[in-house]
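Examination of the molecular architecture
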Amino acid sequence: MIRDWKSMQITKEFIELGIANGTLNKAQCKILGLDFPLNENWEELITDKELTLKETNLFLFLRGKLAIKAQEQIIKNYDLVADFHKQKKEVSKKDKPTEAEDKKKILEIYCDGACEGNPGKAGSGLAIYYLNDKPTLLYGQYTQRGTNNTAELNALYKALLIASEYPKSIIRTDSMYSLDCISNWAYGWKKNGWTRKGKEIKNLEIIKISHALYDSIKDKVTIQHIKAHAGFEGNELADRMAGLAIREKNDEYLEYHYDSIDEVLKMKEDIV
RNA sequence: UAAUACAGCGUG
DNA sequence: CACGCTGTATTA
C-alpha cells in the first residue's frame, strides 16, 4: 500500500478515507496545505502533494474530530508515542537487548480475595502490570456467600484467564492454598478421580477449570507466592480492589479508574 | 485425633 | 504486640 515509507503521493481514494460527515476538519486541511473551510476547487490543489508518513498517519487519526481541542490532543499524543519509540530504539541500540527489556514485557498480575465474614460476602481484585508503572486494576466476582479461599481461587482464575492471552506472565498470590490447589495438589487429585482418600474436595468446580487452564499454559505462566500485607504494592492494590468488589457487589469484573496509586491505597476503611 | 502451613476476619 | 474464630490443605 505505502510503497515508500518516507513519503507518499496522495490520491483521491486516500483523501476519502479521511473524510467524515462529508468534510475534512481544520487540522486535516492544514496537513494538506489547504484553506479551512475548503474552497471550491480544493481537489485540484492537492493532486501533486506528497505527505510524510507522519502526516498520512495523522490525517487518518484526525478523521471526524470536529473539536479543535481533540485535534490538538491527537497531534500531541502522536508526538508522544513517536518520542517513546525513538527513545526505546536508542536504548536497545546501546544495551545489548533482551534480559532487562524482556523482563519488562512480562505481564505481571497480583491477585487477591477478601471476604466479610468467613464464610460471608466475598470479592476478588487484580492489579495488572504491563509495560507500565501504573497498573490496571480490576474488581469483581462478588458472591453473597463465599469463603476466604473461594475468593482467592476466583481471583487466581481471573489472573490465569488474562495470562493466557499473553506470551509470558507471572502471577503473584498470597494464598498458598489456591496456588497449591491449582498447580500442585490438583495433579494428584485428578489421578484419583478428583477425590482424596474418599473425602470430598472443596471448591472443586473452580479448581477443575482453573487447573485445566493452568495446565494448558503452564509453560508460559509462573505462579508465585508472596506474603500478604508485606508492602508489595500490587498485592495491596489487589486487596483494595477485592474490598471494593464487596462494597459494589459487582459480579462482572470492572476496571477501576484512578489518578494516583496512593489514592487507591488510602481507600482502606472509608465507609460509604 | 494432633500438628503444620497459607489465608480471611474479629477483639484488646 | 497478644488473643480468638473459620476456611482449606498437608503430614503424623
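Residues numbered from 1 in each chain as written. Chains lettered and ligands numbered in written order. Predicted model: local features only at pLDDT ≥ 70, side-chain atom pairs only at ≥ 80, totals over all residues. Heavy atoms only, no water.

Taking an unreviewed UniProt entry as the reference, chain A is identified by name as ribonuclease H belonging to hydrothermal vent metagenome. You can read under Sequence similarities (unreviewed entry) in the UniProt record for chain A the words "Belongs to the RNase H family." (UniProt positions renumbered as here; feature names shortened; annotations may be inferred.)

**Things to note about the packing of aromatic side chains**
For the structure shown, the criterion picks out seven aromatic pairs. Taking the centre distance of 6.3 Å and the plane angle of 80° together, the rings of Tyr139 and Tyr256 count as edge-to-face. Residue Tyr139 is found in strand E5 (residues 136-146), and its partner Tyr256 is found in strand E8 (residues 254-256); the two are separated by 117 residues along the sequence. We classify Tyr139 as buried; its relative accessible area is 10%. A ring pair is formed by Tyr177 and Trp185, whose centres lie 6.4 Å apart and whose planes are at 55°; its orientation type is tilted. (Phe/Tyr/Trp six-rings, centres within 6.5 Å; stacked < 30°, edge-to-face > 60°. Helix = DSSP H or I, 4+ residues; strand = E, 2+ residues; numbered from the N terminus. Buried < 20%, exposed > 50% of the residue type's maximum accessible area, 1.4 Å probe, protein only.)

**Regarding unusual backbone geometry**
A cis amide bond, omega 0°, links Phe36 with the succeeding residue Pro37. Of the consecutive residues Asn118 and Pro119, the connecting peptide bond is found in the cis state with omega at 5°. Of note, Pro119 is situated in the loop between strand E3 (107-116) and strand E4 (120-129). A positive phi is found at Gln141, a non-glycine position, where the angle reads about 55°. Inspection of the secondary structure assignment puts Gln141 in strand E5.

**Things to note about the protein's contact with DNA strand C**
Near DNA strand C you find 13 residues, and of these Asn118, Thr147, Asn149, Arg196 and Lys202 are the closest. The sugar and phosphate moieties of DNA strand C supply 85% of its atoms located within 4 Å of the protein. Interatomic distance of 3.0 Å between a side-chain N/O atom of Asn149 and a sugar or linking oxygen of DNA strand C. Residue Asn203 places a side-chain N or O atom 3.4 Å away from a phosphate oxygen belonging to DNA strand C. Elements that contribute at least two residues to the surface near DNA strand C include exactly helix H7 (148-163) and helix H8 (176-191). (Near = heavy atom within 4 Å. Polar contact = N/O pair within 3.5 Å; in protein donor to acceptor, adjacent residues only side chain to side chain.)

**Structural notes on the protein's contact with RNA strand B**
Surveying the vicinity of RNA strand B reveals 15 residues, the closest of which are Cys115, Asn148, Asp174, Met176 and Ala228. Expressed as a percentage, the sugar and phosphate content of the atoms of RNA strand B within 4 Å of the protein is 87%. Asp174 places a main-chain nitrogen or oxygen 2.8 Å from a sugar or linking oxygen of RNA strand B. Those elements giving two or more residues to the surface near RNA strand B turn out to be E3 and H7. Split into classes, the residues belonging to the surface near RNA strand B amount to five nonpolar, six polar and four charged. (Nonpolar A, V, L, I, M, F, W, Y, C, P; charged D, E, K, R; others polar.)

**Considering the pairing of strand E6 (residues 169-173)**
The element E6 is extensively covered by neighbouring structure, given that five of its five residues are classed as buried. Side chains Ser169, Ile171 and Thr173 of E6 all project onto a buried face; the interleaved residues Ile170 and Arg172 project onto the opposite face, where all are buried too. Of the strand pairs in this sheet, E3 and E6 are connected by five bridges, and their pairing is parallel. In the sheet register, Cys111 faces E6, and the bridge partner there is Thr173. Pairing of E6 with strand E7 (residues 221-225) involves five bridges; the strand directions are parallel. Its bridge partner lying in E7, Thr173 is registered against His225. (Pairing = 2+ DSSP bridges.)

**A short note on the side chain of Ser175**
Position of Ser175 relative to the elements: it lies in the loop between E6 and H8. Given a relative accessible area of 6%, Ser175 falls into the buried group. Excluding residues that lie within four positions of it along the chain, Ser175 makes contacts with Glu152 and His225. (Contact = heavy atoms within 4.5 Å.)

**Describing the sheet that holds E8**
Strand order in the open sheet formed by six strands is E7-E6-E3-E4-E5-E8, with mixed pairing between adjacent strands. The strands lining the two open edges of the sheet, one partner per strand, are E7 and E8. Adjacent strand axes in the sheet meet at a mean angle of 25° when their direction is disregarded. Alignment of E4 against E5, held across seven bridges, turns out to be antiparallel. In the sheet register, Gly120 faces E5, and the bridge partner there is Gly146. Sheet contacts for H7: E3, E4, E5, E6 and E7; angle to E3, the most-contacted strand, approximately 155°. (Axes fitted to C-alpha atoms, helices over the stretch in contact; angles between N-to-C directions.)

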